[in-house]
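Summary of structural features
Here's the letter readout for the chains.
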Amino acid sequence: MIDSASLFTRHSGNPLLAPERWPYPINAVLNAGATMVGDETVLLCRVEDRRGFSHLTCARSRDGASNWVVDERPALAYDGTHAEEEWGLEDPRVTHVEELGLWIIAYTAFGRGGPAISLAQTEDFTTFERLGLAMGPDDKNAALLPRRIGGDWLLFHRPDSEHGAEVWLSRSSDLRKWRAPELVMGRRQGGWWDSARVGMGPPPLETEHGWLVVYHGVRQTVAGGLYRAGLALLDLEQPAHVLRRSEEWVLGPTADYETSGDVPNVVFPCGLVHHPDTDRLCLYYGAADTRVAMATARRSDVLDYLLSCPPG
Ligand code: BMA
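Quick summary incoming for the structure in this document. (Residues numbered from 1 in each chain as written. Predicted model: local features only at pLDDT ≥ 70, side-chain atom pairs only at ≥ 80, totals over all residues. Heavy atoms only, no water.)

Our next topic: unusual backbone geometry. Omega for the peptide link from Asn 14 to Pro 15 comes to -10°, which places this bond in the cis form. By the secondary structure assignment, Pro 15 is in the loop between strand 1 (9-10) and strand 2 (28-37). Here the bond from Pro 137 into Asp 138 is cis, since omega is -15°, no more than 30 degrees from zero. Positionally, Asp 138 belongs in the loop between strand 9 (128-135) and strand 10 (139-144). Even without a glycine there, the phi angle at Asp 91 is positive, about 50°. Judged by relative accessible area, which is 8%, Asp 91 ranks as buried. At Asp 289, a position not held by glycine, the phi torsion is positive, near 55°. (Helix = DSSP H or I, 4+ residues; strand = E, 2+ residues; numbered from the N terminus. Buried < 20%, exposed > 50% of the residue type's maximum accessible area, 1.4 Å probe, protein only.)

Inspection of the secondary structure assignment puts Cys 270 in strand 20 (residues 267-275). A relative accessible area of 0% means that Cys 270 is categorised as buried. The sequence separation of Cys 270 and Tyr 285 amounts to 15 residues, and the corresponding C-alpha distance is 5.9 Å. Not counting chain neighbours up to four residues away, the residues in contact with Cys 270 comprise Asn 31, Ala 32, Gly 33, Asp 91, Pro 92, Arg 93, Gly 201, Pro 202, Pro 203 and Tyr 284. (Contact = heavy atoms within 4.5 Å.)

What follows concerns the pairing of strand 8 (residues 114-122). With nine of nine residues buried, strand 8 lies mostly within the body of the structure. Relative to strand 8, strand 7 (residues 102-111) runs antiparallel, the two being bridged by nine bridges. When the sheet's bridge partners are listed, Ala 109 is paired in strand 8 with Ala 116. Once strand 7 ends, the chain turns through two residues before running back antiparallel as strand 8. The pairing of strand 8 with strand 9 spans six bridges and is antiparallel. Its bridge partner being in strand 9, Ile 117 is matched across the sheet by Met 135. The loop that links strand 8 with its antiparallel partner strand 9 comprises five residues; one of these, Phe 125, has a positive phi angle of about 60°. (Pairing = 2+ DSSP bridges.)

With that settled, consider helix 2 (residues 299-307). Inspection of helix 2 places Arg 299, Val 302, Leu 303, Tyr 305 and Leu 306 among the buried residues, and these make up the whole buried set. Seen end-on, helix 2 carries its buried residues on one side only, within an arc spanning 160°. (Arc of directions from axis to C-beta.)

What follows covers the side chain of Thr 95. Turning to its location among the elements, Thr 95 is positioned in strand 6 (residues 88-97). For Thr 95, a relative accessible area of 2% puts it in the buried group. Looking at Thr 95, its side chain comes within polar contact range of the main-chain oxygen of Leu 144, at 2.8 Å. Excluding residues within four positions of it along the chain, Thr 95 makes contact with Leu 102, Trp 103, Ile 104, Leu 144, Leu 145, Pro 146 and Pro 203. (Polar contact = N/O pair within 3.5 Å; in protein donor to acceptor, adjacent residues only side chain to side chain.)

Moving on, we come to the pairing of strand 6. Burial analysis of strand 6 places nine of its 10 residues in the buried class, the great majority of the element. As judged from the eight bridges shared by strand 6 and strand 7, these two strands associate in the antiparallel manner. Across the sheet, Glu 90 pairs through a bridge with Thr 108, a residue of strand 7. The antiparallel pairing of strand 6 with strand 7 creates a hairpin that spans four residues between the two strands, and Gly 101 there sits at a positive phi of about 65°.

Turning next to the site of the ligand. Around the ligand lies a shell formed by Asn 31, Arg 46, Asp 91, Lys 140, Tyr 227, Val 263, Val 266, Phe 268 and Asp 289. One of the side-chain N or O atoms of Arg 46 is found 2.8 Å from an oxygen atom in the ligand. About the coverage of the ligand: the protein hides 84% of its 310 Å² of free accessible area. Considered class by class, the residues forming the shell around the ligand number four nonpolar, one polar and four charged. (Near = heavy atom within 4 Å. Areas by Shrake-Rupley, 256 points an atom, 1.4 Å probe, with all protein chains shown as cover. Nonpolar A, V, L, I, M, F, W, Y, C, P; charged D, E, K, R; others polar.)

Right, let's get into the sheet that holds strand 1. The strand order across the open sheet formed by four strands is 1-22-21-20, and the pairing between neighbours is antiparallel. Whereas interior strands pair on both sides, the edge strands pair on one side only; in this sheet they are strand 1 and strand 20. Across eight bridges, strand 20 lies against strand 21 (residues 280-287) in antiparallel orientation. Paired with Pro 269 across the strands is Tyr 285, a residue of strand 21. Here helix 2 sits on the sheet in contact with strand 20, strand 21 and strand 22 (291-298), set at roughly 75° to strand 22. (Axes fitted to C-alpha atoms, helices over the stretch in contact; angles between N-to-C directions.)

Turning to the packing of aromatic side chains, a few remarks are in order. Tallied over the entire structure, the rule returns eight aromatic pairs. Centroid distance Trp 22 to Tyr 24: 6.3 Å. Interplanar angle 75°. Geometry classified as edge-to-face. One aromatic cluster is present, built from ring pairs that chain together Trp 103, Phe 125 and Phe 128. The positively charged end of Arg 188 is found above the aromatic ring belonging to Trp 192, 4.2 Å away from the centroid. Across from the ring centre of Trp 249, 3.6 Å away, lies the NZ or CZ of Arg 228, which sits over that ring. (Phe/Tyr/Trp six-rings, centres within 6.5 Å; stacked < 30°, edge-to-face > 60°. Lys NZ or Arg CZ within 6 Å of the ring centre and 35° of its normal.)

Printed below as a string of structure tokens:
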């Protein structure tokens, strides 16, 4: 049985994307959503400019690891029309929705009211259309499931509630009005690595055993928050029901690009691509809020590991 520490392997070319190699002056590139468009991997990157505000820009690669080509113009940036984005667009998660023949992007819209959740759509990663605000402040870490369940779209998100920062899900018939919020996954109390906050990572991946979830968990330390990634498996037809949850984290900040940067000790996954031909999972994550890195695992190993974990 493979153990939690060796499930994921960091790519030797990490970090994949860095501010020094960006085509225009920026402070940081981080927390990228990911998807396949034809034969190409597209990363929709959060790019922080030198005022501190973020926009979203595409980077494309044939092998999902090297020779990234970065678009010259942002995909989505504050354009003066959506006040909730005045201070930037952050942490996109990208979901391919077969039924609609397009991708839905869930992102944090940061404005004077605080962080909120907005959605946008694209058919080609060339033009993008906003669907508008989905959840008001304070809310973040949103990711849409790729298909309807019980006739509804399901959006995971993390409202600030009396419980603290935990993973919830809400339902919608039209991707505009959201209702029936339900708690999915809480923080674990006391000494656990995910005791301060938990949030959904990439959109969950459908498998024969359930929805495969990579989430981030935070521990508060005297040196600040320590961000790591863990795994969970959700029931296919009732995704608020956690079937399994890893006790241990599977990726934590140890490489130099994860321990040093604007916010040291942050591993923040927002993108997951499955390559069925090789059974490989590519996990894309923000490293220390400054760069983008990738770690890979075999899907079958990840599922074997999760099935050996206790119920959530
Ligand atoms: C979270 C989000 C992420 C960020 C992380 C670590 O609250 O705001 O954008 O990567 O903190 O700083």
